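In case you want the letters, here they are:
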Amino acid sequence: MATAFEHPYVPRELRLPGYVPCFLSQKDILVPYLGTSVVGVALIWFFSGRLSKISMTDRLLMCWWAFTGLTHIIVEGYFAFSPEFYKEKTPHFLAEVWKEYSKGDSRYAARDAGVVTVEGITAVLEGPASLLAMYAIASRKPYSYILQFAICLGQLYGCLVYFITALLEGDNFSTSPYYYWAYYIGANSSWVVIPTLIAIRSWKKINAAFQVEKKTKAL
């Protein structure tokens, strides 16, 4: 078993007593994770195609909300409520995911209060809300766009807090430039770009609905 300083993370003086190295390689972690995600998205895409009068855009949105919702609940939820995942003595897959990801941001292994708070809120609130958004799209609920807009704002706010706090603390939490760009930047970029696009679309849809209502009342 590793001592307090025998870990691969930065800063090197980070204390992780009882740290147990990864059992799985990067490939053994990423392939099952990506494979499971692809299968899940493919199933949502298939079943959404059986719904009547649903656009391709809405089908893609259903895939996104299913993926992000399950990611928030399962993956991020495990992190938020497993404070000693780095001590896991068996190859528990979710523990391995976070041991590996911590090479890109050691604040996860260190249980940084800001990161734990953001991830906890994301898992408990935004995860279920994302699955509700998928249902709202499929069943054409009137609150669909408002819900999507609200979730996107929450995701973007979480990303801002995540990146800004890292900058304020020196932005020195990655083992190497590779992990910095692949994990810290790359793995999180989807939750900046996609929510921004969805928020803009939802805002336009909400505004258009108000304009129609306004014209209807004027008649």
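Everything that follows concerns the structure shown earlier in this document.
An account of the accompanying structure is given in this report.

Rules used throughout
- Residues numbered from 1 in each chain as written.
- Predicted model: local features only at pLDDT ≥ 70, side-chain atom pairs only at ≥ 80, totals over all residues.
- Heavy atoms only, no water.
- Helix = DSSP H or I, 4+ residues; strand = E, 2+ residues; numbered from the N terminus.
- Buried < 20%, exposed > 50% of the residue type's maximum accessible area, 1.4 Å probe, protein only.
- Contact = heavy atoms within 4.5 Å.
- Axes fitted to C-alpha atoms, helices over the stretch in contact; angles between N-to-C directions.
- Parallel < 35°, antiparallel > 145°, perpendicular 65-115°, else oblique.
- Left-handed = near helix turned anticlockwise from the far one by under 90°.
- Nonpolar A, V, L, I, M, F, W, Y, C, P; charged D, E, K, R; others polar.

Here we look at the environment of Leu-147
By the element assignment, Leu-147 lies in helix H5 (residues 144–168). Note on Leu-147: relative accessible area 15%, which makes it buried. Remark: the alpha-carbon pair of Leu-147 and Leu-132, spanning 15 residues in sequence, is separated by 8.5 Å. Those residues in contact with Leu-147 that sit more than four places away from it in its chain are Ala-129, Leu-132 and Ala-133.

Structural notes on the packing of helix H4 (residues 113–138) against H5
Interhelical geometry of H4 versus H5 gives an angle of 160 degrees and a closest axis separation of 10 Å. Classed by the angle they form, the pair H4 and H5 counts as roughly antiparallel. Seen from above, H4 lies across H5 with left-handed handedness. Two secondary-structure elements touch here, H4 through Val-115, Val-118, Glu-126, Ala-129, Ser-130, Leu-132, Ala-133, Ala-136 and Ile-137 and H5 through Ser-144, Leu-147, Gln-148, Ile-151, Gly-154, Gln-155, Gly-158, Val-161 and Tyr-162. Residue composition of the contact of H4 with H5, grouped by class: 11 nonpolar, 6 polar and 1 charged.

Regarding the packing of helix H2 (residues 56–80) against H5
Running from amino to carboxyl end, H2 crosses H5 at an angle of 45 degrees, the nearest separation of the two axes being 13 Å. Taken as axis vectors, H2 and H5 run oblique relative to one another. For the pair H2 and H5, the crossing hand works out as left-handed. Across the interface between the two elements, Leu-61, Trp-65, Thr-68 and His-72 of H2 pack against Gln-148, Ile-151, Cys-152 and Gln-155 of H5. For the contact of H2 with H5, the class distribution of residues is 4 nonpolar, 4 polar and no charged.

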